[in-house]
Amino acid sequence: MSKSLETELVNIGNKKIEGDIYPEASAIYQTSSFVLKDLDELYQKYDDEDFTYSRLSNPNRSQLGDVMSFLEKGNRSLIFSSGMGAITTALFTVLKSGDHAICNSKLYGETTILLKEILNEYGIESDFIDFDNTEEVRNKIKPNTKLLYTEIISNPLTSVVDIIQIVKLAKEHNLRVIVDNTFTTPFLISPLEYGVDIVINSLTKSLNGHFDVTAGSLTMKNEDLFKRAEKLLVLFGAILDPNSAWLTLRGIRTANLRIEKQNQNAIKIAQALSEHPKVTKVFHPSLLSHPQHDLAKRILAEGNFGAIVSFEIDDSYEVMNSLIKNFKLIKYANTLGGYKTTVSHPCSSSHYGVEDAERRKVGIHNGILRISCGIENAKDLIDDLTQAIDCL
Ligand SMILES: *Cc1c(COP(=O)(O)O)cnc(C)c1O
């Protein structure tokens, strides 16, 4: 019997680990190691990839990994102590000294710093260009290029990448493609189905969704890539602890319901903001004025355009600070994807540390605020946004 996503999501990842007891919610295997009968059993467990020592594998991580493989339509997943742990490992999986990577210039800030400042010191070169233009990506390909790296919806101005074209280009030149799916989540798009090699998720954001865990994952189909990534996870040691893996799995069980509501709220909020006379610009792919509205409709799950809406008011730190103070319901926090609506100020968080001139080149200045839509009632959120803007 084939089951639908919402049925499968509440049932998978609960495989029986030991003995006769079978708890409805999995136990938390808060242990560093596992007692074995003898050396024969140890070698059997190595062969079976069974549990011996928690840095190598642990039941709570492996259950969460099974759920991520299901959601991302991959064969294998690895679970990390943060999204950045997953990103670092993914990059070391496909790149070595002398290699060149082409990355989207609109990537998550710390991914950019990792590539430009750290991997560069290990002889890995990278170019950063706008993936909105596939021809420009093609022009940057060199004999030592090994990787194209992108997100699908950019932070904070929500431009959308045509992943079909990017993968096509990669296949023509025998390059790997890595996608960070944190903003879009596997409920909006399945990058592996388009031919992407590795998908990253920061589980800290919408997938856990409860503001109480920092975690990340990699999912892939190719077994050789998996083996290399697994080796690096074990050697670097950026593993998620059992308790956080358990909490994340609990969060993911209801992620589809939250993400659906967050996406619906985002569409309503984007519309309401675009009708407000003091708002000069709204960034959300649901709007007909968004340059990649049609592309978003084509590649994202029907009726979904992401749960992030950004808008522009006055290009002023003081005005933005007053606006943040005016909110009664909405909270200011440097995160996204949680069940509650939060706002962040890109100039002071994701793009803090980027020079003003550089920020302006990609359209980011003091007057931009990013909303991560939660699951509250849409009208309550719109009322709060409206009163806060009206008071300015
Ligand atoms: C938050 C975020 C990350 C990093 O995740 P952590 O769990 O904070 O390490 C990576 N990519 C994107 C797109 C993010 O939003």
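Residues numbered from 1 in each chain as written. Predicted model: local features only at pLDDT ≥ 70, side-chain atom pairs only at ≥ 80, totals over all residues. Heavy atoms only, no water.

Asker: Which residues make up the pairing of strand 6 (residues 198-202), and what are the values?
Answerer: Most of strand 6 sits out of view: five of its five residues are buried. Neither face of strand 6 is open: one carries I198, I200 and S202, the other V199 and N201, and all of them are buried. Sheet analysis places strand 5 (residues 176-180) next to strand 6, joined by three bridges and oriented parallel. Opposite D180, over in strand 6, you have I200 as the bridge partner. (Buried < 20%, exposed > 50% of the residue type's maximum accessible area, 1.4 Å probe, protein only. Helix = DSSP H or I, 4+ residues; strand = E, 2+ residues; numbered from the N terminus. Pairing = 2+ DSSP bridges.)

Asker: Lay out the side chain of R258 in plain terms, naming residues and giving numbers.
Answerer: Note that R258 resides in helix 10 (residues 255-274). No salt bridge is formed by the buried R258; the nearest opposite charge belongs to D212, separated by 8.9 Å. Here S206 takes part through its backbone oxygen, which lies 2.8 Å from a polar atom of the side chain of R258. (Lys, Arg positive; Asp, Glu negative; His and termini not counted. Salt bridge = Lys/Arg side-chain N within 4 Å of Asp/Glu carboxyl O. Polar contact = N/O pair within 3.5 Å; in protein donor to acceptor, adjacent residues only side chain to side chain.)

Asker: Before we move on, can you summarise the packing of helix 10 against helix 14 (residues 378-390) with the specific residues and values?
Answerer: Between helix 10 and helix 14, whose axes approach to 10 Å, the crossing angle comes to 30°. Compared by their axis directions, helix 10 and helix 14 come out roughly parallel. The interaxial crossing formed by helix 10 with helix 14 has right-handed handedness. Contacts between helix 10 and helix 14 involve N265, K268, I269, A272 and L273 on the former and, on the latter, A378, L381, I382, L385 and I389. Looking at side-chain class alone, the contact of helix 10 with helix 14 contains eight nonpolar, one polar and one charged residues. (Axes fitted to C-alpha atoms, helices over the stretch in contact; angles between N-to-C directions. Parallel < 35°, antiparallel > 145°, perpendicular 65-115°, else oblique. Left-handed = near helix turned anticlockwise from the far one by under 90°. Contact = heavy atoms within 4.5 Å. Nonpolar A, V, L, I, M, F, W, Y, C, P; charged D, E, K, R; others polar.)

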